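In case you want the letters, here they are:
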Amino acid sequence: MNALIKSALPAVASARGDIALVLLGVGGVGRTLLAQLATPAAQGVHLVAIADSTRQLVNARGIVPAQARRLLGDSPQSRDDNALLAALDASGLAERVIVDATASAEVASRHADWLARGCHVVSANKAALGERLDGWNRLRHASRQSRRRYGDAATVGAGLPVLSTLLRLRQCGDSLLALDGVFSGSLSWLFNHFDGGRPFSDLLREARERGYTEPDPRVDLGGADVARKLLILARAAGHAIDAHEVVVEGVVPEALREIGVDEFLARASELDAPLEALRVAAARDGQVLRFLARLDESGRARVGLVAVAPTHPAARLSGNDNLFALTTQRYREQPLVIQGPGAGAEVTAQALLGDVLALRAAH
Ligand SMILES: NC(=O)c1ccc[n+]([C@@H]2O[C@H](COP(=O)([O-])OP(=O)(O)OC[C@H]3O[C@@H](n4cnc5c(N)ncnc54)[C@H](OP(=O)(O)O)[C@@H]3O)[C@@H](O)[C@H]2O)c1
């Protein structure tokens, strides 16, 4: 028996309610989840496999989280989902969960199959919930049929309790009349700082250097990421809308949409004049620009740049905070507002861990 197995023996001597866990993705979020799995909060959660896009490490008897990344780096095993599923089965634990900390559409396309096979799935990856409606329906169906949970807390607002709050309100018979907000940390930061002091492209360069934007900032500026989060929330609120039904008005001019990333970055100053004109027009009315998402009572969904009055909650945001304002039957006079960091590895990993730990709540 090698040192790895010996130090991980508690995985075998499991208690009722213990959970076997496979982690896909060891980037910013996945590696932070590994650190959290090493804390007492995660007692009873046993890591049995870990993978990145090309390699994996499998040990049904348990992998010590603090050693997992180093061992993965040395692992000769190439990617094979069947071996991951076999490790969950071989763990002998009743609760088996696959955590998706990738951004891979291909990985997301397997979530429904894993649920159908009897595994819980916990995901920070929005691709399964926030794309086509048939994919979302397949997930719901698989989860219901197999009685396995789909943990989605990390898909919207990182660690902010947005989806759970919406679910709770609906369970209590409340219904959503409107949902407004700023759902993107990078767009929040950009427009919170766009006050006429610096050209927009200058701010964009800084946001990219700080790691706030995607490597290709058009993913943020085009509104696709915000649209996915709005779709996830709309569906959770009971509106079965499809991706093409969200009106998306991004801020990338047509001429910059189809070119390569490097060329886009070199030509980013072409964003400056049109955005400055909008900013000046808004300022003339005492307003500021914010990139908002909005869902109304009948399920109409829109994301785009809006000029808002200084009294609007989004006008007072700072840093890269997210804001979700839920107007419901019972929060009709004043919306229920959830605000705070909507990105970051620590809080996103914690949202994943919370969904994992919720699996043992029934025991
Ligand atoms: N960072 C945040 O603040 C935040 C907030 C909310 C939600 N999220 C979501 O969380 C997810 C992870 O974000 P991140 O920032 O950690 O991304 P990241 O740093 O780019 O890491 C992605 C990881 O996924 C791995 N991966 C890709 N394809 C895979 C496959 N087929 N099988 C197994 N692993 C695969 C990558 O491996 P390679 O290195 O081999 O490519 C890498 O380890 C994304 O969906 C993101 O949208 C992030």
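Just so it is clear, the structure is predicted and the values come from calculations on it, not from any experiment.

Chemist: Even after reading the chapter, I still don't get the domain arrangement of the chain, so can you show me in this structure?
Modeler: For an interface, size is often stated in terms of accessible area lost upon the parts coming together. Domain boundaries assigned for the chain yield domain 1 (3-158 + 346-360) and domain 2 (162-342). Once you take the C-alpha centre of each, domain 1 and domain 2 turn out to be 30 Å apart. At the junction of the two partners, domain 1 supplies 12 residues and domain 2 supplies 17 residues. On the domain 1 side of the contact with domain 2, Lys-126, Leu-133 and Val-156 bury the most area, a combined 42% of that side's loss. Our enumeration of links across domain 1 and domain 2 arrives at two salt bridges.

Chemist: Explanation requested: the packing of aromatic side chains in the structure shown.
Modeler: The geometry of two aromatic rings is summed up by the distance between their centres and the angle between their planes. Within the structure shown, the criterion is met by five aromatic pairs. With 5.7 Å between their ring centres and 65° between their planes, Trp-189 and Tyr-212 make a pair best called edge-to-face. Taken together, the residues span a long stretch of sequence, with Trp-189 in helix α9 (residues 185-193) and Tyr-212 in the loop between α10 (200-209) and α11 (218-221) at a distance of 23 residues. Taking relative accessible area as the criterion, Trp-189 reaches 4% and is therefore assigned buried. By way of ring pairs, the aromatic residues Phe-191, Phe-194 and Phe-200 are connected into one cluster.

Chemist: Which parts of the structure should I look at to understand the site of the ligand?
Modeler: Looking at the ligand, there are 21 residues lining it, with Val-26, Val-29, Ser-53, Thr-102 and Gly-344 nearest. Take Gly-27: an N or O atom from its main chain is 3.2 Å from an oxygen atom of the ligand. A distance of 2.8 Å separates an oxygen atom of the ligand from a polar backbone atom of Val-29. Protein contact buries 68% of the 920 Å² of open area that the ligand shows by itself. Applying the majority rule of atoms within 2 Å of the grid points places the ligand in the largest pocket. Of the residues belonging to the shell around the ligand, the class tally is nine nonpolar, nine polar and three charged.

Chemist: Would you take a moment to explain the sheet that holds strand β8 (residues 246-249) for this structure?
Modeler: The strands that make up a sheet pair up through hydrogen bonds in the backbone, lying either parallel or antiparallel. Read from one edge to the other, the open sheet built from six strands follows the order β8-β10-β9-β7-β11-β12, with strand pairing classed as mixed. Looking at strand neighbours, the two that pair on one side only are β8 and β12 (336-341), the edges of this open sheet. With direction set aside, neighbouring strand axes in the sheet form an average angle of 25°. One ladder, built from four bridges, connects β8 with strand β10 (residues 301-308); its direction is parallel. In the sheet register, Val-246 faces β10, and the bridge partner there is Ala-301. Taken strand by strand, helix α12 (residues 224-236) contacts β7 (176-182), β8, β9 (288-296), β10 and β11 (321-328), and its axis lies near 30° from that of β9. Where helix α14 (residues 272-284) meets the sheet, it contacts β9 and β10, and its direction lies at approximately 85° from that of β9.

Chemist: What's the story with the layout of surface pockets in this structure? I'm lost.
Modeler: Empty pockets left among the atoms are what a rolling probe the size of a water molecule brings to light. Roughly 970 Å³ of internal volume is contained in the largest pocket. In terms of lining residues, the largest pocket is bounded by 38 residues, among which Val-29, Lys-126, Glu-214, Asp-225 and Ala-343 are the most central. Every element with two or more residues in the lining of the largest pocket is listed here: α2 (28-37), α9, α11, α12 and α15 (345-357). With three residues, α12 is the single largest residue contributor to the lining of the largest pocket.

Chemist: Help me understand the nonpolar core in this model?
Modeler: Note on soluble globular proteins: their nonpolar side chains tend to be buried together. Judged by nonpolar contacts, the single largest core of 76 residues is most densely connected at Leu-190, Phe-191, Leu-221, Leu-230, Leu-233, Phe-324 and Leu-326. In terms of residues, this core owes the most to one element, α12, which gives seven residues. When residues of this core are assigned to domains, at least three fall in each of domain 1 (3-158 + 346-360) and domain 2 (162-342). Excluding residues that lie within four positions of it along the chain, Leu-233 makes contacts with Val-156, Val-162, Leu-163, Leu-166, Leu-179, Phe-183 and Phe-324. Listed in part, the 28 residues of the second largest apolar core include Leu-33, Ala-349, Leu-353 and Val-356.

Chemist: How should I be thinking about the pairing of β9 in this particular structure?
Modeler: Taken residue by residue, a regular strand's side chains alternate between the two faces of the sheet. In terms of residue burial, β9 counts as a mostly covered element, since seven of its nine residues are buried. Relative to β9, β7 runs antiparallel, the two sharing four bridges. Its bridge partner being in β9, Leu-179 is matched across the sheet by Leu-295. By the bridge criterion, eight bridges tie β9 to β10 in an arrangement that is antiparallel. From the neighbouring strand, Arg-294 faces β10, where its bridge partner is Arg-302.

Rules of the game
Residues numbered from 1 in each chain as written. Predicted model: local features only at pLDDT ≥ 70, side-chain atom pairs only at ≥ 80, totals over all residues. Heavy atoms only, no water. Domains from an automatic or database assignment. Contact = heavy atoms within 4.5 Å. Buried area = accessible area lost by both parts, 1.4 Å probe. Salt bridge = Lys/Arg side-chain N within 4 Å of Asp/Glu carboxyl O. Phe/Tyr/Trp six-rings, centres within 6.5 Å; stacked < 30°, edge-to-face > 60°. Helix = DSSP H or I, 4+ residues; strand = E, 2+ residues; numbered from the N terminus. Buried < 20%, exposed > 50% of the residue type's maximum accessible area, 1.4 Å probe, protein only. Near = heavy atom within 4 Å. Polar contact = N/O pair within 3.5 Å; in protein donor to acceptor, adjacent residues only side chain to side chain. Areas by Shrake-Rupley, 256 points an atom, 1.4 Å probe, with all protein chains shown as cover. 1 Å grid on protein atoms, 1.4 Å probe; cavity = no way out; pocket = protein on both sides within 12 Å on 5 of 7 lines; lining within 4 Å. Sits in = over half its atoms within 2 Å of the grid points. Nonpolar A, V, L, I, M, F, W, Y, C, P; charged D, E, K, R; others polar. Pairing = 2+ DSSP bridges. Axes fitted to C-alpha atoms, helices over the stretch in contact; angles between N-to-C directions. Points joined across faces, edges and corners; volume = space filled by probe spheres on them. Core = buried A, V, L, I, M, F, W, Y, C linked by side-chain atoms within 4.5 Å.

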